[in-house]
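Spelled out, the chains give:
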Amino acid sequence: MATLMFLVGLTPAPAAASVESCAVTWGSGVKSAHPTVTGYMVGLRAGRQLCFDRLVFDFRGAVGRYWVSYVNAVSAEATGEVVPVRGGARLQVSVHAFGLNENYEPTYVFDDPAELVDVTGFRTFRQVAWAGTHHGTTSVGLGVRARLPFRVFTLPTGSSSMSHIIGRPPSLRDLPGGGGG
């Protein structure tokens, strides 16, 4: 089992000692990994952190293959149709994980394909939309406020999950005791 992390955000100023935990090497190019292990997507959740917004994909079984890139338009799996996504920039997030089980029943169930998780009030996320599943690839469109650098990595864990994190570093004004007012 593994956790795959995807980070998007701006690098904080090195002189800001109080935001050292936000210091990560970021980039805005395509990120991908292609091991042959596969599992099933079973959940999706979002959260806000001090330095970024977080999107977590939950899987049953091992998952390690992914492709994440900024795109002009998010494309639906199988059909290629445009999936409308709000925001100043769009990320296509594709994982090598089934969205249907052996009986062709969905392994991840949602109420609204256009709003998979509620990201109201998030600093960076604008929308998370379903882009479909086909032949072992499951995709979502992630609308963000602007094209920001990002990072993807895998962590070992007791249950398999894939995390996607997007955001911006806080300014000193945003930190507790940082003089914001």
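If you're wondering where the values come from, they're calculated on a predicted model, not measured in any experiment. (Residues numbered from 1 in each chain as written. Predicted model: local features only at pLDDT ≥ 70, side-chain atom pairs only at ≥ 80, totals over all residues. Heavy atoms only, no water.)

Draft legend 1. Examining the overall build of the chain more closely. Secondary structure assignment for the chain yields 0 helices and 13 strands. In the chain, the order of α-helices and β-strands from amino to carboxyl end is β-β-β-β-β-β-β-β-β-β-β-β-β. Looking at the chain as a whole, 46% of its 181 residues are labelled buried. Summing over all exposed atoms, the chain offers an accessible surface of approximately 8800 Å²; the carbon and sulfur share of this is 53%. (Helix = DSSP H or I, 4+ residues; strand = E, 2+ residues; numbered from the N terminus. Buried < 20%, exposed > 50% of the residue type's maximum accessible area, 1.4 Å probe, protein only. Areas by Shrake-Rupley, 256 points an atom, 1.4 Å probe, with all protein chains shown as cover.)

Draft legend 2. The pattern of salt bridges, seen in detail. In total, this model carries 2 salt bridges according to the counting rule given. Between aspartate 58 and arginine 45 there is a salt bridge; the shortest N-O distance is 2.8 Å. One end of the pair, aspartate 58, is in strand 4 (residues 53-60); the other, arginine 45, is in strand 3 (residues 39-48), with 13 residues separating them in the sequence. With a relative accessible area of 17%, aspartate 58 lands in the buried category. A relative accessible area of 43% means that arginine 45 is categorised as partly exposed. (Salt bridge = Lys/Arg side-chain N within 4 Å of Asp/Glu carboxyl O.)

Draft legend 3. Expanded view of the nonpolar core. Grouped together as the largest cluster of nonpolar side chains are 26 residues, with contacts concentrated most on Leu44, Leu55, Phe57, Leu91 and Val128. Counting residues per element, the ones that place at least two in this core are strand 3, strand 4, strand 5 (66-71), strand 8 (89-95), strand 10 (125-134) and strand 11 (137-144). With 4 residues, strand 8 is the single largest residue contributor to this core. Counting residues in hydrophobic clusters, the runner-up holds 6 residues, among them Val74, Ala76, Val83 and Ala131. (Core = buried A, V, L, I, M, F, W, Y, C linked by side-chain atoms within 4.5 Å.)

Draft legend 4. Up close: the packing of aromatic side chains. In this structure the tally under the stated criterion is 6 aromatic pairs. An angle of 40 degrees between the planes, with centres 5.6 Å apart, marks the rings of tyrosine 40 and phenylalanine 98 as tilted. Here tyrosine 40, found in strand 3, pairs with phenylalanine 98, found in strand 9 (residues 97-98); they are 58 residues apart in sequence, far enough to count as distant. Ring centres 5.5 Å apart and planes at 45 degrees place the aromatic pair tyrosine 108 and phenylalanine 110 in the tilted group. (Phe/Tyr/Trp six-rings, centres within 6.5 Å; stacked < 30°, edge-to-face > 60°.)

Draft legend 5. Spatial organisation of the environment of proline 113. One can find proline 113 in the loop between strand 9 and strand 10. Looking at proline 113, the relative accessible area reads 41%, which means it is partly exposed. For the pair proline 113 and valine 83, spaced 30 residues apart in sequence, the C-alpha separation works out to 9.9 Å. If near-sequence neighbours (up to four positions away) are discounted, proline 113 is found in contact with Val128, Ala129 and Trp130. (Contact = heavy atoms within 4.5 Å.)

Draft legend 6. Layout of the pairing of strand 11. Most of strand 11 is tucked away, with 7 of its 8 residues classed as buried. Pairing of strand 10 with strand 11, which is carried by 8 bridges, proceeds in the antiparallel orientation. Within the sheet, the bridge partner assigned to valine 128 lies in strand 11 and is leucine 142. Connecting the antiparallel pair strand 10 and strand 11 is a turn made up of 2 residues, with histidine 135 showing a positive phi of about 50 degrees. (Pairing = 2+ DSSP bridges.)

Draft legend 7. Representation of unusual backbone geometry within the structure. Residues other than glycine seldom take positive phi values, yet alanine 78 does so here, at roughly 75 degrees. Residue classification places alanine 78 among the exposed positions, given a relative accessible area of 56%.

Draft legend 8. Expanded view of the confidence of the model for the chain. Overall, the predicted model of the chain reaches an average pLDDT of 75, with 62% of residues at or above 70. Low confidence marks residues 10-20, where pLDDT is under 50. Its contacts with residues over four positions away, or in another chain, come to 19 contacts. Note on residues 169-181: pLDDT is under 50 here. Beyond four places in sequence and across chains, it has 21 contacts. (pLDDT = per-residue confidence, 0-100.)

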